[in-house]
Amino acid sequence: MNKISSEQIVALLRSEIANYEIEKRTHDIGSVTYVGDGIATIKGLDHAMYGEIVVFENGVKGMVQDVRKNEIGCILFDLEGLIKEGTKVTRTEKMASVPVGDAFMGRVINALGDPIDGLGGIKADDYYPVERPAPGIVERQSVCQPLETGILSIDSMFPIGRGQRELIIGDRQTGKTSIATDTIINQKGKDVVCIYVAIGQKTSTVAKLVNTLKTHGAMDYTIVVSAGASDPAPVQYIAPYAGAAIAEYFMYSGRDALIIYDDLSKHAVAYREISLLLERSPGREAYPGDVFYLHSRLLERSAKLSDDLGGGSITALPIIETQSGDVSAYIPTNVISITDGQIYLESGLFFSGMRPAVNVGLSVSRVGGAAQTKAMKKASGSIRIDLAQYREMEVFTQFASDLDESTRHQLKYGKGLMELLKQPLSRPMSMPDQVITLVAATEKLFVHLPINKVKSAQTAMLEYFSTHSPEIKRELSDTKELTKELTDKIIKTAKSFFANPSLVK
């Protein structure tokens, strides 16, 4: 057995000391000075960044939301009862992120990406940051593809394109969520992933919506992100950003995504609560000064990417609730100025039986016309003007007793159009059905019918087209164009239908 001499040991130690590299390790550790209402104030984390995740010694996570000279303000995502004054906090040097992936389709998750539907865990493909800069101008392309809602009044007059941001605005109980739900149902078989973000809603309301989507087979391509009314304000605040991160995963993998924020009024209220607790200065309607940036940085993430980046898109349908139809309030005006148009739902129309209660005068789409199919653009050409003339004439003639024949005819035609635009819940129309209806309407084939027979005649007419001339719907679906020959064929078939009184129910 060889013995090691003392000289060899000394030489070995000297070489180890000479080659030793000092690895400097520092950990920022702070301590809680105040906690309450979902907010914690921490001292000692001098290098913490805005939006960084911090971990408390009992495992609770929070996000840095306020950076001051000697302390930071942090919002908490878990129960704050576990945190006390003096609790130690450590930096993670990571920004908030959520798990993403195809496995999330058909599931209901919370704002942190954890499943809450009782169907077990979800395998994530990746993690995406909750806050992310919006794509730049060079990374985008013009909106050029339609995203059909299946709602005749919207697709004909205020079309939505893939990559657009169209606001749905109106008082409570005017059918805002119904329009969003119908749009999700209409994406079946169109290769669009739908994300529905519920902010500050009752759990029973979300459960009812999920059940509706399941009934129509729409949950297969839908992800529901829920931050309920009973969840803390920080969770409600982070929810839409988490939804946007999930949508970005699909957009950057070259697919089309539709995201619905229901609704951003409650989101702004949650942010106002956080800001006031963090002792930020209140501004108009007690909202903080950066409430515009709150929604602009969220909605700007919706885009149609360039072909070099895969050509994916995120279409956003934010929902805003107004008070007594006041669209000039702070949050509604902010979001109207950010979005590419709005669908305004009016209480008066809703209660008069016009559903969806879309106000033709105040609604607008600033981009969708470019993405509208040629067939729809041609068929819906004069509808909006005709309706505007009808509404104007209706106001002027409501007190008149004797009207000339042409005015009576115009009023009857307008009433018929309004009747045709009514649509049952969860019954979206296909593009060929919409085009056929519009061609027949503008040809004034429904004018001779009593108003209460218009809807049943429309349904019967579309069934007649399916059985007697299925090639018309097939050609519209394949070419998406409305030629002169096809228009004549539609009018001829529609006239033959109306010529048979037994068919017109």
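Just so it is clear, the structure is predicted and the values come from calculations on it, not from any experiment.

Looking at the overall build of the chain
- Looking only at helices and strands, the chain has 16 helices and 16 strands in total.
- The C-alpha extent of the chain, read off along each of the three principal axes, is 115 × 60 × 40 Å.
- Residue burial in the chain is summarised as follows: out of 505 residues, 52% are buried.
- Within the chain, counting contacts between residues at least 6 apart in sequence, those at least 24 apart form 74% of the total.
- As presented, the chain carries roughly 23800 Å² of accessible surface, and 53% of it is formed by carbon and sulfur atoms.
- Each charge class in the chain was averaged separately, 56 positive and 61 negative side chains, and the resulting centres sit 4 Å apart.

Observations regarding the environment of Gly 289
- With respect to the helices and strands, the residue Gly 289 is situated in the loop between helix H6 (264-277) and helix H7 (291-299).
- By relative accessible area, Gly 289 is classed as exposed at 68%.
- C-alpha separation for the pair Gly 289 and Ser 275, spaced 14 residues apart in sequence, amounts to 9.8 Å.

Re the sheet that holds strand S10 (residues 167-170)
- What the 8 strands build is an open sheet, ordered S8-S12-S11-S13-S14-S10-S15-S16; its pairing is mixed. Single-partner strands in this sheet number two, and they are strand S8 (108-109) and strand S16 (364-365).
- Two elements, strand S13 (residues 256-262) and strand S14 (residues 313-321), share 6 bridges in a ladder whose sense is parallel. Within the sheet, the bridge partner assigned to Ile 259 lies in S14 and is Ala 316.
- Running at roughly 75° to S14, H6 makes contact with strand S11 (192-199), S13 and S14 of the sheet.
- Strands in contact with helix H8 (residues 330-338) are S10, S14 and strand S15 (341-345); relative to S10, the strand with the most contacts, it is inclined by about 155°.

Things to note about the environment of Pro 318
- Summarising the element assignment, Pro 318 is placed in strand S14.
- When its relative accessible area of 0% is taken as the criterion, Pro 318 is described as buried.
- Distance from Pro 318 to Tyr 34, taken between C-alpha atoms, is 35 Å for residues 284 residues apart in sequence.
- Not counting residues within four places of it along the chain, the set of residues in contact with Pro 318 comprises Glu 166, Leu 167, Ile 168, Tyr 261, Leu 264, Leu 299 and Thr 339.

Quick word on the nonpolar core
- By size, the foremost hydrophobic cluster in this structure holds 78 residues, and its most contacted members are Phe 446 and Met 461.
- With 61 residues, the next largest nonpolar core counts Ile 53, Leu 167, Ile 223 and Tyr 249 among its residues.

Observations concerning the environment of Met 63
- Of note, Met 63 is situated in strand S4 (residues 61-67).
- Its relative accessible area of 2% is what places Met 63 among the buried residues.
- Each C-alpha atom, one on Met 63 and one on Met 95, is 8.4 Å from the other, the two residues being 32 residues apart in sequence.
- Filtering out sequence-adjacent residues up to four positions away, Met 63 remains in contact with Gly 51, Glu 52, Ile 53, Gly 73, Cys 74, Ile 75, Phe 77, Ala 96, Tyr 237 and Ile 238.

Some thoughts on the packing of helix H12 (residues 405-420) against helix H14 (residues 454-468)
- Look at H12 against H14: their axes get within 9 Å of each other, and the N-to-C directions meet at 60°. Classified by the angle their axes make, H12 and H14 are oblique. Here H12 runs over H14; the crossing is right-handed. Across the interface between the two elements, Gly 416, Glu 419 and Leu 420 of H12 pack against Val 454, Lys 455 and Gln 458 of H14.
- Split by residue class, the contact of H12 with H14 holds 2 nonpolar, 2 polar and 2 charged.

Describing empty space enclosed by the protein
- For the structure shown, the criterion picks out 4 cavities of 30 Å³ or more.
- Taken as a whole, the largest cavity spans an internal volume of roughly 70 Å³.
- Around the largest cavity sit Pro 146, Leu 147, Glu 148, Asp 155, Pro 159, Ile 160, Gln 372, Thr 373, Met 376, Met 431 and Gln 434, which together line it.
- What the second largest cavity holds in volume is close to 50 Å³.
- The wall of the second largest cavity is formed by Lys 412, Tyr 413, Gly 416, Leu 417, Leu 420, Ala 441, Lys 444, Leu 445, Phe 446 and Val 447.
- Per-element accounting of the lining of the second largest cavity gives the leading share, 5 residues, to H12.

Side note on the packing of aromatic side chains
- Under the defined criterion, the tally for this structure stands at 9 aromatic pairs.
- When the ring of Tyr 128 is compared with that of Tyr 249, the centres are 5.9 Å apart and the planes differ by 85°; the resulting orientation is edge-to-face. Here Tyr 128, found in strand S9 (residues 126-129), pairs with Tyr 249, found in helix H5 (residues 233-252); they are 121 residues apart in sequence, far enough to count as distant. Each of the two residues, Tyr 128 as well as Tyr 249, counts as buried.
- Ring geometry for Phe 497 and Phe 498: centres 5.0 Å apart, planes at 75°, overall edge-to-face. You'll find Phe 497 and Phe 498 in the same group, each marked buried.
- Feature note: the residues Phe 446, Tyr 464, Phe 497 and Phe 498 constitute an aromatic cluster, connected by ring pairs.
- The lysine or arginine in question, Arg 355, covers the ring of Phe 350, its NZ or CZ lying 4.0 Å from the ring centre.
- Lying across the ring of Tyr 413, Lys 444 places its NZ or CZ 4.7 Å from the centre.

Parameters at a glance
- Residues numbered from 1 in each chain as written.
- Predicted model: local features only at pLDDT ≥ 70, side-chain atom pairs only at ≥ 80, totals over all residues.
- Heavy atoms only, no water.
- Helix = DSSP H or I, 4+ residues; strand = E, 2+ residues; numbered from the N terminus.
- Buried < 20%, exposed > 50% of the residue type's maximum accessible area, 1.4 Å probe, protein only.
- Contact = heavy atoms within 4.5 Å.
- Areas by Shrake-Rupley, 256 points an atom, 1.4 Å probe, with all protein chains shown as cover.
- Lys, Arg positive; Asp, Glu negative; His and termini not counted.
- Charge placed at Lys NZ, Arg CZ, Asp CG, Glu CD.
- Pairing = 2+ DSSP bridges.
- Axes fitted to C-alpha atoms, helices over the stretch in contact; angles between N-to-C directions.
- Core = buried A, V, L, I, M, F, W, Y, C linked by side-chain atoms within 4.5 Å.
- Parallel < 35°, antiparallel > 145°, perpendicular 65-115°, else oblique.
- Left-handed = near helix turned anticlockwise from the far one by under 90°.
- Nonpolar A, V, L, I, M, F, W, Y, C, P; charged D, E, K, R; others polar.
- 1 Å grid on protein atoms, 1.4 Å probe; cavity = no way out; pocket = protein on both sides within 12 Å on 5 of 7 lines; lining within 4 Å.
- Points joined across faces, edges and corners; volume = space filled by probe spheres on them.
- Phe/Tyr/Trp six-rings, centres within 6.5 Å; stacked < 30°, edge-to-face > 60°.
- Lys NZ or Arg CZ within 6 Å of the ring centre and 35° of its normal.

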